[in-house]
Amino acid sequence: MLYKFNINLDDKDYYNFNKFYNFKTHYGRKLLLFYRIFVVVIFIPFILLTLSDCGYNAEGLVMTILYFILMGAMELLLKPMLCLGVKMNMKLKKKSGKAPYTPTAEMEFYDDYFIEQTPQSKSEILYSIIDSLYIDGKGNVYIFVNNISGFILLKSCFDSEDQYNSFLTFISTKTDIIYNTK
């Protein structure tokens, strides 16, 4: 074993991870682009129907302008709505008795793989299946094995800045798909 970390997550860490996923990863940005295009595609038929029914008179133009204002408002509110969705999902999961994340875990990094062990499960992951690895502005490391499964390694898990830098050097030899968003 080359590195061993004890991870303790709270709601804020999980929320920040999801927020980072939605707005900074290539997965999240694609999803955000899809939502933005979807909003436009939904409004285009309404705009065209309004113009064909009312014509290009004052009423038709006013309705079209209102649709554009509404579409712009939805585009502006998209990110806050996604954040609200994450918070609501966390509350619903907790209310149903299922935590949306495992608060404690232990991660061990070896030459060819790493292990994440929680009180409920144990996962052994080969470095070769890492899809992407992100370092956020706070230095937290997010390891994704696909577009819906990721591991959170908080910077606070490291004993020192030297250990952190040593780990980043080590992990960069295991995958070439590292995104630093500092």
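Up top is the structure these notes are about.
How each quantity is defined
- Residues numbered from 1 in each chain as written.
- Predicted model: local features only at pLDDT ≥ 70, side-chain atom pairs only at ≥ 80, totals over all residues.
- Heavy atoms only, no water.
- Phe/Tyr/Trp six-rings, centres within 6.5 Å; stacked < 30°, edge-to-face > 60°.
- Helix = DSSP H or I, 4+ residues; strand = E, 2+ residues; numbered from the N terminus.
- Buried < 20%, exposed > 50% of the residue type's maximum accessible area, 1.4 Å probe, protein only.
- Lys NZ or Arg CZ within 6 Å of the ring centre and 35° of its normal.
- Pairing = 2+ DSSP bridges.
- Salt bridge = Lys/Arg side-chain N within 4 Å of Asp/Glu carboxyl O.
- Core = buried A, V, L, I, M, F, W, Y, C linked by side-chain atoms within 4.5 Å.
- Contact = heavy atoms within 4.5 Å.
- Bend = angle between axes of the 7 residues up to and from the residue.
- Polar contact = N/O pair within 3.5 Å; in protein donor to acceptor, adjacent residues only side chain to side chain.
- Expected span 1.5 Å × (residues − 1).
- Axes fitted to C-alpha atoms, helices over the stretch in contact; angles between N-to-C directions.
- Nonpolar A, V, L, I, M, F, W, Y, C, P; charged D, E, K, R; others polar.

Student: Just checking my understanding: could you explain the packing of aromatic side chains for this structure?
Tutor: Centre distance and the angle of the planes are the two values used to describe a pair of aromatic rings. Under the criterion given, the structure shown has 28 aromatic pairs. Arranged with centres 4.9 Å apart and planes meeting at 20°, the rings of Tyr14 and Tyr101 form a pair that is stacked. Taken together, the positions of Tyr14 in helix α1 (residues 11–24) and Tyr101 in the loop between α3 (58–95) and β2 (104–109) put the pair 87 residues apart, joining distant regions of the chain. A ring pair is formed by Phe109 and Phe114, whose centres lie 5.2 Å apart and whose planes are at 25°; its orientation type is stacked. Residue Phe114 is classed as buried on the basis of its relative accessible area of 0%. The structure contains a cluster of three or more aromatic residues connected by ring pairs, namely Tyr3, Phe5, Phe109, Phe114, Tyr127, Phe151, Phe158, Tyr164, Phe167 and Phe170. Here the basic side chain of Lys87 rests over the ring of Tyr15, its NZ or CZ set 5.1 Å away from the ring centre. One residue, Lys155, lies across the ring of Tyr164, its end atom 4.5 Å from the ring centre.

Student: So what exactly am I meant to see when it comes to the pairing of strand β3 (residues 113–117) here?
Tutor: As a general feature of sheets, a regular strand has side chains that alternate between the two faces. Of the pairings in the sheet, the one linking β2 to β3 comprises 4 bridges and is antiparallel in character. In the strand pairing of β3, Met107 is matched with Glu116. Taken together, β2 and the strand that follows it, β3, pair antiparallel across an intervening segment of 3 residues. As paired elements, β3 and strand β4 (residues 122–126) share 5 bridges and run antiparallel to each other. Across the sheet, residue Glu116 finds its bridge partner in β4, namely Ser123.

Student: I tried to follow the pattern of salt bridges on my own but got confused; where do I start?
Tutor: Opposite charge on two side chains lets them pair, provided their charged atoms get close. All chains considered together, the criterion is met by 4 salt bridges. With a shortest N-O distance of 3.2 Å, Lys155 and Glu161 are connected by a salt bridge.

Student: For this particular structure, what's the right way to read the nonpolar core?
Tutor: Within soluble globular proteins, side chains that are nonpolar generally end up buried alongside one another. Core analysis: the largest hydrophobic core is formed by 44 residues, its most contacted members being Phe109, Phe114, Val141, Ile143, Leu153 and Phe167. Ranked by residue count, the leading element in this core is α1, at 6 residues. Those residues within four positions of Phe109 in sequence are excluded, and the remaining contacts are Met1, Leu2, Tyr3, Phe5, Phe114, Tyr127, Ile143, Leu153, Phe167, Phe170 and Ile171. Of all hydrophobic cores here, the second largest spans 6 residues; its members include Val39, Phe43, Ile47 and Tyr67.

Student: How should α3 be read in this particular structure?
Tutor: Residues spaced three or four apart along an α-helix point in a common direction, a consequence of the helix completing one turn every 3.6 residues. Most pronounced at Leu78, the bend in α3 amounts to some 45°, and the proline Pro80 follows within four residues. Gly60, Thr64, Tyr67, Met71, Glu75, Leu78, Leu82, Cys83, Val86 and Met90 are the residues of α3 that are buried. Here the buried face of α3 lies against α1 and α2 (26–54). Taking the backbone nitrogen of Glu59 as reference, a side-chain oxygen 3.2 Å away marks Asn57 as the first, capping residue of α3.

Student: I'm lost on α2 in this one. Help?
Tutor: Across its 29 residues, α2 extends 42 Å between first and last C-alpha, which sits within 8% of the 42 Å expected from 1.5 Å per residue. Residues Tyr27, Gly28, Leu32, Val39, Phe43, Ile47, Thr50 and Leu51 constitute the buried set of α2. Looking at the buried residues of α2, the elements they touch are α1, α3, β5 (132–135) and β6 (141–144). Positive backbone phi, approximately 80°, marks Gly55, located one or two places after α2.

Student: Could you clarify how one ought to interpret the packing of α1 against α2 in this entry?
Tutor: Helix packing for two helices is described by the angle between their axes and how far apart those axes are. For the pair α1 and α2, interaxial distance at closest approach is 5 Å and the crossing angle is 65°. On the side of α1, the interface is formed by Tyr21, Asn22, Phe23 and Lys24, while α2 contributes His26, Tyr27, Gly28, Arg29 and Leu32. The residue makeup of the contact of α1 with α2, split by class, is 4 nonpolar, 3 polar and 2 charged.

Purely geometric stuff here, so don't read any function into it on its own.
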